[in-house]
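Working through the structure, step by step
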Amino acid sequence: RLQGDPVRAAEVWRRFNDSYPGFSDAEGELRVAERELAIHEQRKAREAAMRDAARLRTAGDLQGTLAVWRTYAALYPADEDAARELREIQAELTVRERARRVAALEEETARRRASGDLDGALAQWTAYLSEDPASAEATRAVDLLKAEITERDRSRRLEEARSAAARALLRSPIENSV
């Protein structure tokens with residue numbers, strides 16, 4: 001162990017225990033050497049995971065980064081730092097997915113608004129809001145679309161009332177002359 005090679009130290013103590021079975025001090029040394037070897041192997045695996053994850057994250061591959069940390073965490077489930085990394089990456093992926101979906105819904109809303117389909121746009125945002133009730137963007141969009149639909153319906157009713165009044169006025173002089 002003094003030379004700093006846990007693989008070699010564990011092997012030496014294994015051979016010694018095989019040669020001299022029942023020697024209690026050697027058995028204790030073997031257990032210590034095997035524990036140091038396990039720590040060394042975990043450290044190497046963690047360093048490799050960190051390298052791979054950093055490379056993938058730099059390349060923008062969060063799914064790949066997540067896969068690296070999941071693989072490592074499956075081998076070493078007690079590593080709290082790996083669990084924290086997994087939670088952070090999953091949170092970032094959730095934020096990205098939410099932003100992607102909101103942007104797509106905003107584009108679709110603009111298209112539907114241009115074609116006059118406010119009800120269809122509202123239905124899409126309402127469906128999304130049921131999937132993600134914490135979405136402030138969806139809440140704002142639903143509120144705005146409801147207000148637009150209410151205003152549109154009010155304007156239609158007002159126009160219909162004006163048209164009906166105009167028709168009534170046009171009919172009144174004719175009916176009076178008959």
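Just above sits the structure.
Since we're looking at a predicted model, the values are computed, not measured. (Residues numbered from 1 in each chain as written. Predicted model: local features only at pLDDT ≥ 70, side-chain atom pairs only at ≥ 80, totals over all residues. Heavy atoms only, no water.)

Secondary structure summary: the protein chain contains 6 helices and 0 strands in total. Ordered by position in the sequence, the α and β elements of the protein chain form the string α-α-α-α-α-α. For 178 residues, the compact-globule estimate of 2.2 N^0.38 gives 16 Å, and the protein chain exceeds it by more than 25% at 35 Å. Principal axes of the C-alpha set define a box for the protein chain whose edges measure 130 × 30 × 20 Å. Per-residue burial over the protein chain gives 26% buried out of 178 residues. By sequence separation, contacts in the protein chain at least 24 residues apart represent 43% of the contacts at least 6 residues apart. (Helix = DSSP H or I, 4+ residues; strand = E, 2+ residues; numbered from the N terminus. Rg over C-alpha atoms; globule rule 2.2 N^0.38 Å. Buried < 20%, exposed > 50% of the residue type's maximum accessible area, 1.4 Å probe, protein only. Contact = heavy atoms within 4.5 Å.)

To continue, consider the pattern of salt bridges. All told, the structure shown has 18 salt bridges when counted by the stated rule. Among the ionic pairs, Asp81 bridges to Arg84, the shortest N-O distance being 3.9 Å. Pair noted here: Asp81 and Arg84 are both in helix H4 (residues 80–114), with a separation of 3 residues, about one helical turn. Between Arg152 and Asp153 there is a salt bridge, and its shortest N-O distance comes to 3.2 Å. Taking relative accessible area as the criterion, Arg152 reaches 17% and is therefore assigned buried. (Salt bridge = Lys/Arg side-chain N within 4 Å of Asp/Glu carboxyl O.)

What follows is about the packing of aromatic side chains. For the coordinates displayed, the defined rule picks out 3 aromatic pairs. Each ring, one from Trp125 and one from Tyr128, has its centre 6.3 Å from the other, and the planes form 85 degrees; the classification is edge-to-face. Separated by 3 residues within a single helix, Trp125 and Tyr128 lie in helix H5 (residues 118–131), roughly one turn from each other. Here a set of aromatic residues connected by ring pairs shows up, and it is made of Trp69, Tyr72 and Tyr76. (Phe/Tyr/Trp six-rings, centres within 6.5 Å; stacked < 30°, edge-to-face > 60°.)

Here we take up helix H2 (residues 24–58). The terminal C-alpha atoms of H2 lie 51 Å apart, and with 35 residues this matches the ideal 51 Å at 1.5 Å per residue to within 8%. Residues of H2 that are buried in the fold lie against helix H1 (6–19), helix H3 (62–75) and H4. Note on H2: the residue one or two positions beyond its end, Gly60, has a positive phi of about 85 degrees. (Expected span 1.5 Å × (residues − 1).)

Here we come to the nonpolar core. Counting residues in each nonpolar core, the largest one holds 13 residues, and the members touching the most others are Trp69 and Ile89. Those elements that place two or more of their residues in this core are H2, H3 and H4. By size, the runner-up hydrophobic cluster in this structure holds 12 residues, among which are Leu105, Leu118, Ala121 and Tyr128. (Core = buried A, V, L, I, M, F, W, Y, C linked by side-chain atoms within 4.5 Å.)

Below, the discussion takes up the environment of Glu11. Assignment of secondary structure puts Glu11 in helix H1. For Glu11, a relative accessible area of 33% corresponds to the partly exposed category. Note: C-alpha distance between Glu11 and Ala74 (63 residues apart in sequence) is 26 Å.

What follows is about the packing of H2 against H3. Packing of H2 against H3 leaves a shortest axis separation of 8 Å and a crossing angle of 170 degrees. Between H2 and H3, the crossing angle belongs to the class labelled roughly antiparallel. Across from Gln42, Ala45, Arg46, Ala49, Met50, Asp52, Ala53, Leu56 and Arg57 in H2, the residues of H3 making contact are Leu62, Gly64, Thr65, Val68, Trp69 and Tyr72. Each residue belonging to the contact of H2 with H3 can be placed in one class, and the counts come to 9 nonpolar, 3 polar and 3 charged. (Axes fitted to C-alpha atoms, helices over the stretch in contact; angles between N-to-C directions. Parallel < 35°, antiparallel > 145°, perpendicular 65-115°, else oblique. Nonpolar A, V, L, I, M, F, W, Y, C, P; charged D, E, K, R; others polar.)

Another aspect to go through is H3. Between its terminal C-alpha atoms H3 stretches 20 Å, which fits the 20 Å expected from 14 residues at 1.5 Å a residue. Here H3 has its buried residues at Leu62, Gly64, Thr65, Leu66, Val68, Trp69, Tyr72 and Ala73. Those residues of H3 that are buried lie in contact with H2 and H4. One side-chain oxygen at the N-terminal end of H3 lies 3.4 Å from the backbone nitrogen of Gln63; it belongs to Asp61. (Polar contact = N/O pair within 3.5 Å; in protein donor to acceptor, adjacent residues only side chain to side chain.)

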